[in-house]
Protein chains: 2
Amino acid sequence: MKKITIKTPGILSNLKPLIFGIFITLSLLVTACAAEKESVDLIVQGRYVVTMTPEMPVIENGAVAVKDSVIVAVGTADDIGAKYTAKTNISGKDRILMPGLINGHTHTSMVLFRGMADDLALMPWLRNYIFPMEGQFVDPEFIDVGMKLACLEMIRGGTTTFVDMYFYPDREADVIEACGLRAIVGSPSIDFPSPGFKGWDDSYGAAVKFVKERKSKSGRVIPAFAPHAPYTVSAEHLADLAKMARKLKAPITTHLSEDRAELDQIKERYGTTPIQHVKNLGLLDNWLIAAHVVHPTAAEIKLLAKYKVGVIHNPTSNLKTAAGISPVPEMLKAGVRVGLGTDGAASNNDLNMWEEIRLAALLHKGVNYDATLMPAETVLKMATIGGAEAIRLDKLVGDIAVGKRADLIQLDLSGAHMTPLYNVISHLVYAATGSDVVTTIVDGHILMQDGKFLTLDAEKIRRQANEIGARITKALQKK
Amino acid sequence: MKKITIKTPGILSNLKPLIFGIFITLSLLVTACAAEKESVDLIVQGRYVVTMTPEMPVIENGAVAVKDSVIVAVGTADDIGAKYTAKTNISGKDRILMPGLINGHTHTSMVLFRGMADDLALMPWLRNYIFPMEGQFVDPEFIDVGMKLACLEMIRGGTTTFVDMYFYPDREADVIEACGLRAIVGSPSIDFPSPGFKGWDDSYGAAVKFVKERKSKSGRVIPAFAPHAPYTVSAEHLADLAKMARKLKAPITTHLSEDRAELDQIKERYGTTPIQHVKNLGLLDNWLIAAHVVHPTAAEIKLLAKYKVGVIHNPTSNLKTAAGISPVPEMLKAGVRVGLGTDGAASNNDLNMWEEIRLAALLHKGVNYDATLMPAETVLKMATIGGAEAIRLDKLVGDIAVGKRADLIQLDLSGAHMTPLYNVISHLVYAATGSDVVTTIVDGHILMQDGKFLTLDAEKIRRQANEIGARITKALQKK
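What comes next concerns the included structure.

We now examine the overall build of chain A. Within chain A, the regular secondary structure consists of 17 helices and 17 strands. Seen along its three principal axes, the alpha-carbon backbone of chain A occupies a region of about 105 × 45 × 45 Å. With 479 residues in all, chain A has 58% of them scored as buried.

Here the focus is unusual backbone geometry. Of note, the amide linkage connecting T419(A) to P420(A) takes the cis form, showing an omega dihedral of -15°. Topologically, P420(A) is positioned in the loop between β14 (408-412) and α16 (424-431). The amide bond that connects N348(B) to the next residue, N349(B), takes the cis arrangement and shows omega of 10°. Turning to its location among the elements, N349(B) is positioned in the loop between β13 (337-340) and α13 (353-367). Non-glycine residue Y168(B) carries a positive phi angle of around 50°. Along the chain, Y168(B) falls in the loop between β7 (159-165) and α5 (169-179). Phi angles above zero are rare outside glycine, and V293(B) is one such case at about 45°. One can find V293(B) in the loop between β11 (288-292) and α10 (298-306).

Take the environment of D191(A) next. If you trace the backbone, D191(A) turns up in the loop between β8 (182-189) and α6 (200-215). Residues D191(A) and R471(A) lie 280 residues apart in sequence; the distance between their C-alpha atoms is 29 Å.

Attention now moves to the packing of helix α4 (residues 140-157) of chain A against helix α17 (residues 458-478) of chain A. All names here are of chain A. Look at α4 against α17: their axes get within 9 Å of each other, and the N-to-C directions meet at 130°. Overall, the two elements α4 and α17 adopt an arrangement that is oblique. Here the hand of the crossing between α4 and α17 comes out left-handed. Between α4 and α17, the residues in contact are F142, V145, K148, L149 and L152 and A458, I461, Q464, A465 and I468, respectively. By residue class, the composition of the contact of α4 with α17 is eight nonpolar, one polar and one charged.

Here we come to the environment of M244(B). Residues and elements named next belong to chain B. In this fold, M244 is placed in helix α7 (residues 235-248). The partly exposed category is assigned to M244, around which 17 C-beta atoms lie within 10 Å. M244 sits 36 residues away from V208 along the chain, and the two C-alpha atoms are 7.9 Å apart.

Accessible area lost upon the coming together of the parts is a frequently used measure of interface size. Contact with chain B, which involves 56 residues of that partner, is made by 56 residues of chain A. Broken down by element, the residue count for the side of chain B that touches chain A peaks at seven residues, all from helix α17 (residues 458-478) of chain B.

What follows concerns the relation of the copies chain B and chain A. Rotating chain B by 180° and moving it 0.0 Å along the rotation axis overlays it on chain A with an RMSD of 0.0 Å. Between the two chains, the operation in question is that of a two-fold axis. Rotation axis and chain B: the residue whose C-alpha lies nearest the axis is S435(B), separated from it by 3.3 Å. A share of 100% of the interface residues of chain B reappears at the interface of chain A, consistent with the copies meeting face to face through the same patch.

With that settled, the discussion passes to the pairing of strand β5 (residues 95-99) of chain B. Residues and elements named next belong to chain B. Counting buried positions over the five residues of β5 gives five, a clear majority of the element. The pairing of strand β1 (residues 38-50) with β5 spans two bridges and is parallel. Among the inter-strand pairings, Y48 is bridged to a residue of β5, identified as I96.

Take the packing of helix α6 (residues 200-215) of chain B against α7(B) next. All names here are of chain B. Close contact between α6 and α7 brings their axes to 11 Å; oriented N to C, the two are set at 10°. Comparing their axes, α7 and α6 come out roughly parallel. Here W200, Y204, V208, V211, K212 and K215 of α6 lie close against α7, whose contacting residues are H237, L241, M244 and L248.

All names here are of chain A. Three or more residues of helix α10 (residues 298-306) are buried, namely E300, I301 and L304. With its buried residues spanning 105° around the axis, α10 presents them on a single face. Looking at α10, the residues exposed on the side facing more than 90 degrees away from the buried face are A298 and A299. Buried residues belonging to α10 abut α9 (274-280), β12 (310-313) and α12 (328-333). K308 sits one or two residues past α10 and shows a positive phi near 55°.

Cut-offs used in this document
- Residues numbered from 1 in each chain as written.
- Chains lettered and ligands numbered in written order.
- Predicted model: local features only at pLDDT ≥ 70, side-chain atom pairs only at ≥ 80, totals over all residues.
- Helix = DSSP H or I, 4+ residues; strand = E, 2+ residues; numbered from the N terminus.
- Buried ≥ 20, exposed ≤ 12 C-beta atoms within 10 Å, placed from the backbone.
- Axes fitted to C-alpha atoms, helices over the stretch in contact; angles between N-to-C directions.
- Parallel < 35°, antiparallel > 145°, perpendicular 65-115°, else oblique.
- Left-handed = near helix turned anticlockwise from the far one by under 90°.
- Contact = placed C-beta atoms within 7 Å.
- Nonpolar A, V, L, I, M, F, W, Y, C, P; charged D, E, K, R; others polar.
- Least-squares fit on C-alpha atoms with pLDDT ≥ 70 in both.
- Pairing = 2+ DSSP bridges.
- Arc of directions from axis to C-beta.

Here it is in C-alpha cells:
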C-alpha cells in the first residue's frame, strides 16, 4: 500500500496546526452524527415497498427498519439509511418488499396426501381415500413431517401466517414455533371418531386443554377451537363450544356453507340455513373464522358483516371439489371481512397463495361478466391486511407499518414474466408466482434468504415425506 | 497409484497365455458391442417420462434418444443406454420428462404491455390503452424486443410451440427461428387501420405475400392467415381469405365467439351466430384454429366437431376480460379438438401455460358442480398432443413417440410443492408451476438447460424491454 504524504504549499505551512485542528473537529462531528443513528436489528430494502397501508401504498426505493421483531420505521431507503444502522441488511435491488401473505384456511399436514386422489366426487374421495388413509396414517410422526413439509412450502412461497385445522395440534404448534412461522392453530372437534379421538367428548376436551395451555405460552402460535362443520357437530355441542371459546377469548375456525349437500342437511335437520343456524347457536362474532362460505343468502351476508365474522375464500378448493363459487364481490360490497386460503393440499394441491390471489382476481370477473370486479388491489388486500382483519390479527400483522410485527417477504423482479413493470400491484396479482419469493421474514427473523431455508432442513424433510408417501402408496395398492 | 500385479498360483502358471488370450478376446467383444451402439445426438432421461401417447403414458426411469432433430427411440433408461450412445446426455434424476407445451393462441409481443392496464371493461381497456399504445409504439423494433421477451418467457416455462397473431409477422418469424422455438405465425388482417397497415387491402395483401414467402423456407415457423374476427372483417373479405388459405394450404387462426357483444353484432348484421356465420363463408375446416369459442350453441358445437376445427380455450383471458366461461367439457364430449392458450400477456398477464392447465382443470368442475369433469389427463392432453391436433401439428409434435420432432421439457421434482408424488400427471396439472421447468428442447436443440438460456441473452432483452416500458410509461403519464 502506498503511503500518502500531504505536501502543503509554503504559504500554508504555518496553518498546518489550524487545518489539523479543523480536520479533527469535523471528524469528531461526523462520528458523533453516525453514533446518533439508531441501532436496529435488521434493515430490509425494496425497489418497491408495497406497504398495503391506506396512506402510503407503494414506496419506490424504500426500506423497513426492524428492532426486537417489530417494525420501527418505514420510508425511503435514503431516509432509513440516514437514521438507522443495522446488524443485518438485506438489499432491495430488483425486489419487491411487501407484507407476508396470510393463508386463512388450510389443513397443513395434508400435504402428505397431495395428489393421492383427484378428479373424484366429494363422497368417493373422502370415503375411499381421505378418511381411510387418515385413519391408517395420521399419527404424531405424520404430523411432524407433514407440518415441516408444509412450512417449507409456505416459507418458500411467502406465506408468513396461516390458520390451521388438523390433528395433533400440540405437535403442529411445536413444529410451527421451531420453524419460525406464525399461525392460528385450531384443535379439531367432531362428533365422530377421528385420528387421536373417539368422538366429541374427548376431541372437545382436548381442544379446551390445548387452548388453555397454549394461551399461557407467549409464542407465535395462537390456539383456537376448530369444530369441523355444522353438519358434523351437533347444535348442542356447537353452542357449548361457542360459550367456552368466548370465555377463553379464543378464535373459532370452522367450515361453513361450503357444499350444497350441507345446505340440504341443515335445512332438513334444523329447518334453516347454515349461517343462520350457527348464529342461533351463538357462534357469529368477530372471533369466528368461517372457511368457504360458498352459498350464503343475501340475509346471511348481512349477518356476516354485522357480526364482523372473518370469511375465508378458497377459490381453488371450491372449484376442485365442485363446491361452487362464493359470491365474494357481494360479500365485500356488504362490508364482510374476507381473506384468502388454500384449503388443504389434498384439494388444491399446493399451499401456494399466489394462485389463490390470481384466481380470486380472475374468477369473479368471468362468472359475473364484469371485468372491473375484484381489482388487483382488493385481492392483494385479502391476502394481506384484509386477511389479517378476517382472522383478527390486524393489530399484529398484515401491512408494513410502524409497530407491526416484521413479517416481510421479498419477490425477485428479474424474471421475464415480471418485465416490464407498469404497476407493481398488478404484477403481484396477475404475473407473480410463488417461486418469485426470495426472502421470507417472520417476527424479524429470516426464515429464507435468497431462496435458502435457514430454519428447516429441506433435503431431510423431503426424504421423510417421501418415505411416508411410499408407505401410503403401498396401502393404496392393496385397496 | 498402486500398481497391481496378478499373482497366479503355481498350478495355473502354464495357463497364463491362455487366460491372457481369453481376456483379450472378451475385451474385443465388449468393444465391438459398444461400437454396435447406435450413435445419436442426444439422450434425455427422466425419473418419469410422460409420453402422452395412448399406449405408454408414463415410463419410470425412462429415456429418449434423439437424432437429426427427431425422436428415434423411447424406453427405459437402461434399454436406451444399452442401444444408443450420444454426444450429449441430460440426466433425469428427480426430473419429469415430457413433451413441450403447446400454446394455441397468443399475441406474443404484447408482453411489453403486460400489466399496463387491468381491471377495466373491454372497451375502455381497448380504446384508452391498447389501441392508442399500439398505434404509438408497435413498430419492428417493438416486435423484435417483444418477441424475444416472449420467447424467453415461453422457453422458461416449457412452451415449445405457439400460435401467434400480431404485427410484423416477418420480423416475428425471424426472431422465432433465431431463438429456436416452433410457431404458427399468423399475418394479421383487419378491415381497419392497424400498425403497418391502412386497412384490409394491404393487410390481406401482406398476409398472402407472407404466407407464400415463408412457406418456401423450411424452418420451424409455419405461416398462417390471421383475420382478426368476424366482427372486424367483412363477410366478403373472410370468404376471399378462406379460399386463398385453402389454395395455399395454410392455417387460418382467428378469434371466434369470444364476447357476448360479438354475438349481438353478428346477429344484427348477418342474422346468425358467429360460428354459423363463418361456416357460411367457408372457413370451417381442419385448417381453422378458432380462439376462445366461449359462446357456441349446441348446433355450433356439432359443426366444430364435424369440420374438425381446432378450438383454443383461453381460460385466464376469458375470465379476465369477462368474456365468460367456454363450455369445454361439452365440446370435448362432442369430439371437438380443443387446445389451450394464454392469449396475449395484456389480458393474462403472462405466457405461463401451467396456469392455463391448472385453471382449465379447476374451472369447469366448479361451474358445473361436477368434480369429475376435466380430469388431469384430459387437460394435460389439451396442452400437448390434443393441442397439437387442434393446430394440425400432431404429425410433428405433441407427444414423445418415435418419428416425432424432439420438442421436450424437463421439470424438477425436488420442490416441497411436488412432494410426495403419487401420480405424476396429477402433479403436472395441480401442483407444478412454470418455474419447475429446468430444460427446454426444440427440434433436438437445447434452448434452456438447468434454467440457463442458451439461445437468448436474458439480461440484454430485459434491459431493452424496460427501455420500451419506460417510454410507454411516459406516454401513459401524458394521457
